[in-house]
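Residues per chain are reported as follows:
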Amino acid sequence: MPNLSRRHLLAATAGAAVALPGATSLTAAAAPPTTATAGRRPAGTKVLPDDARYQDLVQRGINRRFVAEPDYARVVHSTQDAVDAVQEAVRANKRIAVRGGGHCFEDFVDHSDVEVLIDLSQYDEVSFDERLRAFSIGAGATLETVYKALFYGWGVTVPGGGCLGVGVGGHFSGGGYGPLSRRYGSVVDHLYGVEVVVVGADRRARAVVATRDNQYRDLWWAHTGGGGGNFGVVTRYLMRTAGARGSDPAKLLPKAPSSLLSSITVYDWKTVTKAGFLRTLRNFFDFYERNNAPDSPYATLYSPLILTHVSSGSFLLSTQIDAGVPDAAKLLAAFNAAMVEGVTPAPQVIEAGEGPFLRTTIQRSIAETTDPGREKYKAGYLRKGYTDAQLETIYRHLSDPSYTGATAATLLLVPYGGQVNTVPSGATATAQRDVIAKMVTAVGWTDPAEDAKHIGWLRTVYRDIYRDTGGVPVPNEINAGSYINYPDRDLADPEQNTSGVPWHTLYYLGNYPRLQRIKKRWDPGNVFRHRLSIEPAE
């Protein structure tokens, strides 16, 4: 995508403890702290409300609707720091929340009940663990840190998101996807293991390394889409593509493209007709229904359609493709032609040309805003395109001039599927493996007095889109539920979700009972919980 702030994107254009293994880092400074090196950084001491650091720590979230006031915060620099912080909080019977990048859409971290905030932002090392033959990524790292370290160090990458300020802590554990997912699958298809601080029935905190092939495999599986804040404090992710062999780090994760071809198609609301709007959306869905096979020549194509309210003035299609695939320029041109076919007047297609992979990725990323506002998000998976009636509903709400006052009002359609769909639904906790796209709709504003107005508008839009299935994306031939990394507590509200289908089915489909059993084993005291957390099995 273009280099836009999040606000501007929304607005207009856009067991026993396991010993920690040794690691070889990209740089000496990047090595995971050990007993010998822990003294180089301060331990995670309490940051109390009268400390100068406190307000910065409790206000790192992107959604100003939620700002917690915990008794104290701790900034951890190592797994042992995290163990100590959790143990102290459990001993005092205090409610814990964990923050990585700060992008949670709901109040899972910034809730009034939270008494201890564990901040992982400074534990962001990226290294290669020779013992486990996997890349070790500190759970406080952002995607930008990860992309740069992997690419500059070894020429590899992971198919993560396009918002580079997102922290891997929640992004990876909730499934994780991005511009390269149609070619390389979900992030969790490359997750070899997790290091997690858990609390047993004995109320003792300890660190466990769970991998896809050790005795703690169930805990690994739970983090392949179960979502953050459910089972413990993830301190490290261990990345190695399923089926990768050997010890050469450069062969254990996907090779990054050398360069990307990109374009932007701009639709001017002053000239967009209802027919043109509807045709644009139908073109989008028809294309991805036809070209969703993992071996499609369009497997590296990524083209989020960013639909915004008429008050923004315009909306756009932001497209990229791996420049190294055969006939990349022809493929991009053919896609752009398919998107504007039958749309009158035709939108403006701007060719952005070819650029190096990482630089182009950064240029097209969603930049962090220094002035976050108040926001609400809702989402859904699509197995195929919306019906004509649903498309007309989207048009009616986005073209309605009577809705005013939002800094942002957006419905985003994101291509998905491809290689993602080659994995069985139960192989990972990420159950949606037969889809073509994701939808996320959002609204932003600044005045707390207008909360009800703007949340009400978004709820109406969403409920109208899914009016035939109880106001939510109940799995059927079109829908496949929703994405836990776009959490929406309305799905657990019977006034908003009148389908009779529980929120956990929408997020996890048939995988929820297994997640409950794992929850009971690894967090029997339900220490780690939030509004949409997994409930332990009975």
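We now turn to the structure provided with this report. Residue numbers here run from 1 along each chain, matching the order of that chain's written sequence. Whole-chain, interface and lining totals are the exception, using all residues; otherwise, since this is a predicted model, local features are given only for residues with pLDDT of at least 70 and side-chain atom pairs are given and counted only at 80 or more. Excluding hydrogens and water, the side-chain values take into account all heavy atoms of the structure.

1. Some words on the pairing of strand β18 (residues 408–415)
- For every residue, the accessible area (1.4 Å probe, protein chains only) is compared with the maximum for its type, and the residue is labelled buried under 20%, exposed over 50%, or partly exposed between those bounds. Here a helix means four or more residues in a row that DSSP labels H or I, a strand means two or more in a row labelled E, and each is numbered from the N terminus. Most of β18 sits out of view: eight of its eight residues are buried.
- Each pair of strands is called paired provided DSSP finds at least two bridges between the two strands. Both strand β13 (residues 305–308) and β18 contribute to a ladder of four bridges, which runs antiparallel. Bridge assignment links Leu305 to a residue of β18, and that residue is Leu413.
- Across eight bridges, the pairing between β18 and strand β19 (residues 437–445) is antiparallel.

2. Observations regarding the state of the cysteines
- Criterion for a disulfide: a pair of cysteine sulfur atoms within 2.5 Å. Going through the model one piece at a time under the given rule, you end up with zero disulfides.
- With no disulfide of its own, Cys104 lies 14 Å from the sulfur of Cys163, the closest cysteine sulfur.
- With a relative accessible area of 28%, Cys104 lands in the partly exposed category.
- By relative accessible area, which is 6% here, Cys163 ends up buried.

3. Examining the sheet that holds strand β15 (residues 348–356)
- As summarised here, the arrangement of the seven strands in space is β15-β12-β14-β13-β18-β19-β17, forming an open sheet in which the pairing is antiparallel. Taken across any chain shown, the strands that pair with only one partner, and hence form the sheet edges, are β15 and β17 (374–382). In this sheet, adjacent strand axes meet at a mean angle of 15° when their direction is disregarded.
- The pairing of strand β12 (residues 259–268) with β15 spans eight bridges and is antiparallel. Its bridge partner being in β15, Ile264 is matched across the sheet by Ile350.
- Residue contacts follow a heavy-atom distance rule, with two residues in contact if any of their heavy atoms lie within 4.5 Å. Here, axes are lines fitted to C-alpha atoms. For helices the fit covers the stretch in contact, and angles between N-to-C directions go from 0 to 180 degrees. Across the sheet, helix α12 (residues 451–465) lies against β17, β18 and β19, angled at about 160° from β19, the strand it touches most.

4. Quick look at the environment of Gly444
- Within the secondary structure, Gly444 is located in strand β19.
- Gly444 gets classed as buried once you look at its relative accessible area, which sits at 3%.
- As for Gly444 and Thr410, which are separated by 34 residues in sequence, their C-alpha atoms are 9.0 Å apart.
- The residues contacting Gly444, other than those within four sequence positions of it, are Arg374, Glu375, Ala406, Thr407 and Ala408.

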